Amino acid sequence: MSLLIAPSLLAADFANLEREITLINNSDADWFHIDVMDGVFVPNISFGMPVIKAIQKYASKPLDVHLMIVDPDRYVSTFASLGASILTVHYEACTHLNRTIQIIKSKDMKAGVALNPHTPVHLLEDCIEDLDLVCLMSVNPGFGGQTFIENTYEKIKSLKGLIDAKNTTCNIEIDGGVTDANASKLIACGANVLVAGSYVFSASDPLENIRKLRG
Ligand code: DX5
Ligand code: ZN
C-alpha cells in the first residue's frame, strides 16, 4: 500500500487554523489527522464539532478522524456529516465493536480501529477483514509531543502478519512520537500511514519535515 502522511492538527496553531490548513493543503501530505478527545476515555479534551466544521471548510484532503471518546456510536452520523473520510474508534472504548464498524461503513466512511499501547494485536483477529485501517498508538493517547514507544515495531509486524494470514488488505497507521528518526523503520516493519503532530507543526520548516517522513 502506498505511504500516506497524516499531519495531526492537534499540534497546529489554533489561532491561525486557516493558515495551518492551507499549509497542509499545499504540502506533500495526504490526510488531515483530527484528534477528538472527551476528557473521559483520555485525560484531555481537544476540540469538537464546531472546530471540525471550520476545518472541513478549508481542508482539501481527506479528514482522518481519530475518536478518543467513550461510546463513539453516539456520534458516527455527526462525524459523517462533518465530512470525515476515515473514522477511527478505540478498541478499548467499544463494547460492540462489530456493530460500531458496521455503523461507520453504513455512513460511507472508511472504518478504523485504534489500539492503545497495551492492547495486543491478536484481539483484532475476528474483525480485521472488516477494517480499512488499524491505528497502532505508539504513545498513550491524550497528548501530543510524547516519546515514541519502541514496542510498536513488534506490534506492526504482528499486525502485518495477521493481515497477510487473513489474505486481506488494511492500512497500518502509526500515531504518536513519529519523526524522521523512526519513520523508515516503521515503514520497513509494514506501516503505511504515518501520523505526525509536533514533528510537523513545531518545525521551522513543516513542508520539509513532511518530506523527510517519506525517507
Ligand atoms: C495523541 C494523538 C496524536 C497526537 C500525535 O493522543 O492521537 O495524533 O496528535 O502527536 P505527536 O506526533 O506530537 O506525538
Ligand atoms: Zn491521533
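Every chain's residues receive numbers from 1 upward, in the order its sequence appears when written. Lettering for chains starts from A, numbering for ligands starts from 1, and both go in the order in which the items are written. Local features are withheld for residues below a pLDDT of 70 in this predicted model, meaning they are given only at 70 or higher, and side-chain atom pairs are given and counted only at 80 or more; totals for whole chains, interfaces and linings count all residues. In computing side-chain values, all of the structure's heavy atoms are included and hydrogens and water are not.

Trainee: When you look at the environment of Gly 197 in this model, what are you seeing that I'm missing?
Mentor: For Gly 197, the position within the fold is in the loop between β8 (193-196) and α7 (198-201). Along the backbone, Gly 197 and Met 68 are 129 residues apart, and their C-alpha atoms lie at a distance of 16 Å. In this structure Gly 197 touches Ser 8 and Ala 11, once residues within four positions along its chain are discounted. Runs of H or I in DSSP of at least four residues are treated as helices and runs of E of at least two as strands, each being numbered from the N terminus. Contacts between residues were defined by any pair of non-hydrogen atoms, one from each residue, lying within 4.5 Å.

Trainee: What is the right way to look at the pairing of strand β4 (residues 84-90) in this model?
Mentor: Within a regular beta strand, the side chains point alternately toward one face of the sheet and then the other, so they alternate between its two faces. Counting buried positions along β4 gives 6 out of 7 residues, so the element sits mostly inside the fold. In this scheme, strands are said to pair when DSSP sees at least two bridges between them. Sheet analysis places strand β3 (residues 63-68) next to β4, joined by 4 bridges and oriented parallel. Its bridge partner lying in β4, Asp 64 is registered against Ile 86. Look down the strands so they point away from you; if going from the first strand over the helix to the second traces a clockwise path, that crossover is right-handed. In this fold, β3 hands off to helix α3 (residues 76-81), which returns the chain to β4; that crossover is right-handed. Of the strand pairs in this sheet, β4 and strand β5 (residues 110-115) are connected by 5 bridges, and their pairing is parallel. Each bridged residue has a counterpart across the sheet, and for Val 89 the counterpart in β5 is Val 113. Taken together, β4, helix α4 (residues 97-106) and β5 constitute a β-α-β crossover, and its handedness is right-handed. Only protein chains enter the accessibility calculation, which uses a 1.4 Å probe; a residue is then buried when its area is under 20% of its type maximum, exposed when over 50%, and partly exposed in between.

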